[in-house]
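Summary of the model geometry
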Amino acid sequence: MPISDKFHDECGVVAIFAHPEAEKLAYLGLHALQHRGQESAGIVSSDGLSLHQHKAMGLVADIFTEDVLTPLRGSIAIGHTRYSTAGDSALLNAQPILVQSNKGAIALAHNGNLVNAQSIRQRLESQGSIFQTNSDTEVIVHLIALSREHTLPDAIADALRRVEGAFSLVMMSADRVFAARDPRGFRPLAMGRIPATEGHSRDTIVFASETCAFDLIGAHYEREVRPGELIVVGPDEVTSRFYSTSAAQSSCIFEHVYFSRPDSVIFGRAVQTSRENLGRQLAKESPVEADLVVPVPDSGVTAAVGYAAESGIPFRFALIRNHYVGRTFIEPRQSVRDFGVKLKLNPVRSLLEGKRVVLIDDSIVRGTTSRKIVRMIRNAGAREVHMRISCPPTISSCYYGVDTPSRSQLIAANKSIDEIRDYIGADSLAYLSLEGLKRACGEGEPTHYCTACYTGNYPTEIIDVEEILPAAVRR
Ligand code: SF4
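Conventions adopted
- Residues numbered from 1 in each chain as written.
- Predicted model: local features only at pLDDT ≥ 70, side-chain atom pairs only at ≥ 80, totals over all residues.
- Heavy atoms only, no water.
- Near = heavy atom within 4 Å.
- 1 Å grid on protein atoms, 1.4 Å probe; cavity = no way out; pocket = protein on both sides within 12 Å on 5 of 7 lines; lining within 4 Å.
- Sits in = over half its atoms within 2 Å of the grid points.
- Points joined across faces, edges and corners; volume = space filled by probe spheres on them.
- Helix = DSSP H or I, 4+ residues; strand = E, 2+ residues; numbered from the N terminus.
- Nonpolar A, V, L, I, M, F, W, Y, C, P; charged D, E, K, R; others polar.
- Buried < 20%, exposed > 50% of the residue type's maximum accessible area, 1.4 Å probe, protein only.
- Pairing = 2+ DSSP bridges.
- Axes fitted to C-alpha atoms, helices over the stretch in contact; angles between N-to-C directions.
- Contact = heavy atoms within 4.5 Å.

Taken together, the neighbourhood of the ligand is formed by Arg187, Cys252, Ile253, Phe254, Cys398, Tyr400, Val402, Cys450, Ala452 and Cys453. A molecule is said to occupy a pocket when more than half its atoms come within 2 Å of that pocket's grid points, and by this definition the ligand occupies the largest cavity.

Have a look at this one:
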């Protein structure tokens, strides 16, 4: 099996308004957001009159060939890349969701997770609504269609006031794009612009989960879509309204620790800055006498750079990652110890032999992978292995769009730090403090963060979605 002892990425969304090859820019944007979801992807485009879609299981580059993109030619497009745990049947839940409604055809792509989707769905089904997917996102579409508001922007605002939880949304009709974030701003969503050129006479407005998508399509970052904001981009103007101002911001701090790419700006802040700060703060809080700072690639790299800079201990890539590991591979008949991890990572013996190593990673989920990596480093000749984690112990599940195991499977929810150290076989183990995490990510400058997976204090009421929705349909 591939390494699965990690939090799973969630989803990425992108929207393009007013570009002669909107579908191609959406495709490129999704490509840049591939790290946020690798199970399925889809694009809906508009030629100004009607909407066209293509969705499939797999990676963006495999799904969207020239033949697939040509019929999607349009000037407006939205796209979605999704994480799910199920097989082929999950195509049902691939996004964007495209529906015909009494307000015309609308398509919607969602990053996040609604915590009251099931109760809304039960109510709507009892009133005769027929759902086509088992994804929480579909309740938003039904609420828009059923809204008594007369205009589409009013109906969207009305629907968004009725759902609870995490949602960064891009939507489109035949001639408009809509972008919205939930009032707490859990998931990121940025707005950018491609200035008009000789080829096209007006600016192209773009939205994406992360700004790394803008870099690829030549857009420049303008600003975040703000928590509780609905932006409408139409043929004549861009308008903004706040459909809700009632909640305190609680943006996901784990986006800075792990999910987002270091070359992105999210919540108005460079991820690289936060991640390097995490490593520096970790070195201040938990110093150790050592010869090398070694990251677990790729997730621990930037924090390790910070740890090395702060501590003065040399940074070395002493674990090499094989980037070409597929989802399925053939194991040798004679079982090889730690086969899955060895397939993905290999230690550099010449660097590690006789050395005291500080090993940096961004999290420990179940502990099984950390244990294998520590053993691998020792077997390569390291004298000591000191594990440092660039966030606090993860003790609670996420209900806002990150696929975390249940509490019973989170090692830090069930063992003390000393017990975890013994389990993974390290000489020492230290996590970053909660205060250190917030400081490193610029809490209050001006973003306020959700830290519920480290504290168990959730910013919303929680209906246990794990009880109701299978993991396959959660984002
Ligand atoms: Fe992010 Fe954790 Fe909050 Fe989920 S619970 S939104 S992963 S900080």
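Turning next to empty space enclosed by the protein. Considering all chains together, one arrives at four cavities of 30 Å³ or more under this definition. Here the largest cavity defines a volume of roughly 120 Å³. Around the largest cavity, the lining comprises 17 residues; the ones closest to its centre are Cys252, Cys398, Val402, Cys450 and Cys453. Elements represented by at least two residues in the lining of the largest cavity include exactly helix H8 (254-259) and helix H17 (452-455). In terms of residue class, the lining of the largest cavity is built from 13 nonpolar, three polar and one charged.

Here we take up the pairing of strand E1 (residues 11-17). The buried count for E1 comes to seven of seven residues, which makes it a mostly enclosed element. Of the two faces of E1, the one holding Cys11, Val13, Ala15 and Phe17 and the one holding Gly12, Val14 and Ile16 are both buried throughout. Two elements, E1 and strand E4 (residues 76-82), share seven bridges in a ladder whose sense is antiparallel. The residue of E4 that forms the bridge with alanine 15 is isoleucine 78. For E1 and strand E10 (residues 204-208), the ladder comprises four bridges, and the chain directions are antiparallel. Paired with phenylalanine 17 across the bridge in E10 is isoleucine 205.

To summarise the sheet geometry, strands pair through backbone hydrogen bonds and adopt either a parallel or an antiparallel arrangement. The parallel open sheet is built from four strands, whose spatial order is E17-E20-E21-E22. At either margin of the open sheet sits one strand with a lone partner, and together these are strand E17 (292-295) and strand E22 (428-431). Along the sheet, successive strands turn relative to each other by an average axial angle of 20 degrees, direction set aside. Together, E17, strand E20 (356-361) and strand E21 (384-389) form the strand contacts of helix H10 (residues 301-311), whose direction differs from that of E17 by roughly 165 degrees.

Our focus in this paragraph is unusual backbone geometry. The linkage connecting glutamine 95 with the following residue, proline 96, adopts the cis geometry, with an omega of 5 degrees. Considering the arrangement of structural elements, one finds proline 96 in the loop between E4 and strand E5 (97-101). A cis amide bond links proline 297 with the next residue in sequence, aspartate 298, at an omega value of -10 degrees. For alanine 18, which is not a glycine, the phi torsion comes out positive at approximately 70 degrees. For phenylalanine 267, which is not glycine, the phi torsion reads 50 degrees and is therefore positive. Position of phenylalanine 267 among the secondary structure elements: in the loop between strand E15 (265-266) and strand E16 (269-270). Among the residues examined, phenylalanine 267 registers a relative accessible area of 5% and is labelled buried.

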